[in-house]
Amino acid sequence: MMKNSSDEEEVSLGCSTLTLTPLVPESPPVRRSQPILITTNRKKGGEFLSSSHSPIPNPFPELCNLPNSSLLNGSLSSESSDKCVIKLYGEDNSFKTILVARQATAREVCHLLVQSAHYSDEENWVLLELYPTLGLERCLEDHEIVLEVQNTWSEKVKARLMFSKNYDKYEFFHKQWCFFENAMISDSEDSKKMTSTRFIQELTSYGESPQIKGFFYFKGYFKTSWKKMFFTLQRSGLYRSIKHPVTDHRHLKEFANLNVSNVYKVVDGCKLYGAPTDFSFCIKPTKSQCQVKDLKIMCAETEEMRKMWICAFRLFKCGRQIKLNYNAISEPKLAPRTPSKTENSLVAMDFSGKAGGRIIENPTEAQNAEQEEGQAWRKREAFRFSQSNMNSEPQDFSVHETHPWFHGGLTRNEAERLIEKQGLVDGVFLMRRSHRHEKCFVLSLCHELKVKHFIVDPLLVDGKKYLTLDSGKTRFIDVLQLVEFYQINKGTLPVCLTRPCICLPL
């Protein structure tokens, strides 16, 4: 009898043969997935196809060659090798990382940040180099390459870049005639004195080599007290005088080389370094480890002197390039204004006649015209808000909170610090709430290198609520109206509100 080979299985045991029949039919064999080697070239119909011509595109081409992958090597691909990532901080300690070109300058980075924030005001934005633990800060020049500045930082001390407003970066160009004291500047031979205007012109051109001299305090790293010393600043560097008055160049000892150093403003110098005044500045070598012993900290007697010496350092180091930077940002303006020596050079005009405008020469008549113009402006503004101010209910003054010059509950010290950082220039202002007086505001205004504070009081007249700065002589519907008025009329203020203190969020 024939047995089906599929149903039976023969097993040989020695000399006998035993036939076994399975009780349960066999289940199909289990197929398990196994790795398959895919060759470089595949054959289809006698035609070789390269794996590079696969009908399915490879979404991760950088992973095809892992040993040379940019992800493993930690470097960017060839398309982005000319880019780098930098981290920038804002006034509120918020930060933002952006991708910029490796040769991007400080001016280009500021322009990129303003454009990304969709902000219309592109003037007076700068990058500040900060050393928070050392209390050092300086404003980067427009031509400085940001990546090169970061490469000079030491890993031992934290440093950062801050995006901020700064109104006094080129202030010496606006006040050339009075920025430097004539008694402190002279030519290289000290044979004749120089004016402040000529001093700046010589430093921003290839002219003569002027010099500036003066006293300020200095304390060495191993010294315990500050000593008032005489210094001379020239193109070749800063020199300390062993003997005063200086009658021979042999009495000058080199103190700092400007080509390999930068000048910084010192914040809280009295607290950090025991300085005799609050007007300290510092010379730090470019490629130093940022140790205190490498810093040359000096102290001026006034804010005006510190500002003058810091600007002199900048002009001696790269004055011609600073002039080119200033011209580059001044040329795009459609109608450049010729800077006047003082705001009082403006004249009053009368356009009421048919023959055209005439200059009002009588001071009394000019003052009366200013008052009439202010009263007419207030009447127009009051009429615009007359419908919303007919009842005695408190007026909503929240319209000002949308404007960049309003800084909420900023304290007095914080307001002074913010204005100082953005430039001690006449007319820099901000508005904030008062912490001492309920329902009051405070106008913080810079005048003559000092920050002054003015209380804005609420006033109730005939059941209508107003705000005033001068005890009710001039009344305003809200804070916005008050600011707009004092931007064109100084009134009881020492100067008009010309430069708002702005913090642009990143």
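Note that the structure is a prediction, hence the values are computed from the model and not measured. (Residues numbered from 1 in each chain as written. Predicted model: local features only at pLDDT ≥ 70, side-chain atom pairs only at ≥ 80, totals over all residues. Heavy atoms only, no water.)

1. Some details on the overall build of the protein
Our working definition: Helix and strand definitions follow DSSP, with helices as H or I runs of at least four residues and strands as E runs of at least two, each counted in order from the N terminus. Remark: exposure states derive from per-residue accessible area (1.4 Å probe, protein chains only) relative to the maximum for the residue type, with buried under 20%, exposed over 50%, and partly exposed in between. Any two residues whose heavy atoms approach within 4.5 Å are treated as being in contact. Each accessible area is a Shrake-Rupley result for a 1.4 Å probe, and residues are judged covered by the shown protein chains and nothing else.
Scanning the protein from N- to C-terminus turns up 10 helices and 25 strands. With 506 residues in all, the protein has 40% of them scored as buried. For the protein, restricting intrachain contacts to residue pairs at least 6 apart in sequence, the fraction spanning at least 24 positions comes to 52%. About 31200 Å² of surface is accessible on the protein, with carbon and sulfur atoms providing 52% of the total.

2. Concerning the confidence of the model for the protein
Heads up, the condition is: Known as pLDDT, the predictor's per-residue confidence is scaled from 0 to 100.
Per-residue confidence for the protein gives a mean pLDDT of 78; residues scoring 70 or more make up 71%. Long-range and interchain partners of residues 1–20, a stretch whose pLDDT sits below 50, account for 16 contacts in this model, where long-range means more than four residues apart. Low confidence marks residues 334–343, where pLDDT is under 50. Its contacts with residues over four positions away, or in another chain, come to five contacts.

3. What to know about helix H7 (residues 303–330)
Side chains that are three or four residues apart share a direction in an α-helix, a result of its 3.6 residues per turn. Put simply, the rule is: What a helix should span is 1.5 Å times the count of its residues minus one. Throughout, bend refers to the angle between the axes fitted to the seven residues that end at a position and the seven residues that start at it.
Between its first and last C-alpha atoms H7 spans 27 Å; for 28 residues at 1.5 Å apiece the expected length is 40 Å, and the helix comes up short by more than 12%. Cys 318 marks where H7 bends most, by close to 100°.

4. Some thoughts on the nonpolar core
Worth spelling out the cut-off: Working definition of a nonpolar core: buried Ala, Val, Leu, Ile, Met, Phe, Trp, Tyr and Cys residues. They are joined through side-chain atoms within 4.5 Å.
Ranked by size, the top nonpolar core spans 38 residues in total, and within it Phe 180, Ile 212, Leu 233, Leu 238, Phe 281, Trp 309 and Phe 313 carry the most contacts. At 12 residues, the largest contribution of residues to this core is made by H7. For Ile 212, the contacting residues outside a window of four places in its chain are Phe 180, Met 184, Ile 185, Phe 199, Phe 231, Thr 232, Leu 233, Met 308, Trp 309, Ala 312 and Phe 316.

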